[in-house]
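# Topology and contacts: notes
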Amino acid sequence: MIVATTDLTESFVFAYLSPHDCQERKRIGVVNGGDECIGSFYRINDDTVCCCIQATLDNNELNKAAETLLQACDQQTEIIILTSLHKRNLVDTLACEMESDSITKILKTTSWTKISPGSFLTQPNVLSGLPAALLSVAELRQKSGLLICSFFDSESIDSRSLQGLKEAFKRLSCFKFQNEEVSMTRLKMRSQSNSTLYT
């Protein structure tokens, strides 16, 4: 299961990983926290669903929301958590890294046995919010979990700002990418609309 926690990561999933014939996201379920919809599930392929987080959660609700979300899948399901932040949030980063359009850092649970698709986020850097809560709960439940954070330079969602996520997923080698023309068309549609990627 992929969990996309920001507009940038949601755009990556649907531009690069959704099936070629996917012109519309078909919601196959929701995850609720109390009276609020936390996120919606969409099928990416036969083996993968994506949960796009729609709620802004209070700090007091994060662990409960993470528990609720992880209850939606069985113990064997691998969780890939995607998030993004502006580069100004990075501390103690090499100057050569800061020159690229996006920097990708990872954190993982001890149960994650696949390749690590990037360098680790090191201290004193800190991630918070739902992505951190999901990874913490996955660790406590001994689930295989990977958090990929893309630190970007621009607020715009385009191929340059998504490059770090694309490279990380290529290293994972477990997802089939759309051809570049389809992905660019989807990104162009996204940039021309203030709504979600597909209407």
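Residues numbered from 1 in each chain as written. Predicted model: local features only at pLDDT ≥ 70, side-chain atom pairs only at ≥ 80, totals over all residues. Heavy atoms only, no water.

### Observations regarding the packing of aromatic side chains
Formally: Think of it this way: a Phe, Tyr or Trp ring, Trp meaning its six-membered ring, pairs with another when their centres are within 6.5 Å, and the plane angle makes it stacked under 30 degrees, edge-to-face over 60, tilted otherwise. Counting from the N terminus, the helices are the DSSP runs of H or I reaching at least four residues and the strands are the DSSP runs of E reaching at least two. Residue burial is assigned from relative accessible area. The probe radius is 1.4 Å, only protein chains are included, and a residue is buried under 20% of its type maximum, exposed over 50%, and partly exposed in between. In our convention, an over-ring charge means Lys NZ or Arg CZ found within 6 Å of a ring centre and within 35 degrees of that ring's normal.
Counted under the stated rule, the structure contains five aromatic pairs. Ring centres of Phe-12 and Tyr-16 lie 5.5 Å apart, and the angle between their planes is 35°; this geometry places the pair in the tilted category. Highlighted residues: Phe-12 and Tyr-16, both in helix H1 (residues 7-17), separated by four residues, approximately one helical turn. Given a relative accessible area of 0%, Phe-12 falls into the buried group. Ring centres of Tyr-16 and Phe-177 lie 6.2 Å apart, and the angle between their planes is 70°; on these two criteria the pair is classed as edge-to-face. On the criterion of sequence distance, the pair formed by Tyr-16 in helix H1 and Phe-177 in the loop between helix H5 (163-172) and helix H6 (180-191) is long-range, its members being 161 residues apart. Over the face of the ring belonging to Phe-177 we find Lys-170, whose NZ or CZ atom lies 5.9 Å from the ring centre.

### Some words on the packing of H1 against H6
Describing two packed helices takes the angle between their axes plus the distance from one axis to the other. Using the following cut-off: Only the stretch in contact is used when fitting a helix axis, every axis being a line fitted to C-alpha atoms; angles between N-to-C directions are given from 0 to 180 degrees. Roughly parallel covers angles under 35 degrees, roughly antiparallel covers those over 145, roughly perpendicular covers 65 to 115, and oblique covers all other angles. In this scheme the crossing of two helices becomes right-handed for a clockwise turn of the near helix relative to the far one and left-handed for an anticlockwise turn of less than a right angle. Between two residues, a contact is recorded if the distance between any of their heavy atoms is within 4.5 Å. For this classification, the nonpolar set comprises Ala, Val, Leu, Ile, Met, Phe, Trp, Tyr, Cys and Pro, the charged set comprises Asp, Glu, Lys and Arg, and every other residue, Gly included, is treated as polar.
Packing of H1 against H6 leaves a shortest axis separation of 8 Å and a crossing angle of 140°. When the interaxial angle is binned, H1 and H6 end up oblique. Once H1 is placed against H6, the crossing between them reads as right-handed. In this structure, H1 contributes Asp-7, Ser-11, Phe-14, Ala-15 and Tyr-16 to the contact, and H6 contributes Glu-180, Ser-183, Met-184, Arg-186, Leu-187 and Arg-190. Counted by class, the contact of H1 with H6 contains five nonpolar, two polar and four charged residues.

### Some points on unusual backbone geometry
Residue Gln-123 is joined to Pro-124 through a cis peptide bond whose omega torsion reads 15°. Mapped onto the fold, Pro-124 is located in the loop between strand E7 (119-120) and helix H4 (129-140). Unusually for a residue other than glycine, Gln-142 sits at a positive phi of about 60°. Looking at the secondary structure, you find Gln-142 in the loop between H4 and strand E8 (145-152). Owing to a relative accessible area of 62%, Gln-142 belongs among the exposed residues under this scheme. For Ser-173, which is not a glycine, the phi torsion comes out positive at approximately 55°. By the secondary structure assignment, Ser-173 is in the loop between H5 and H6.

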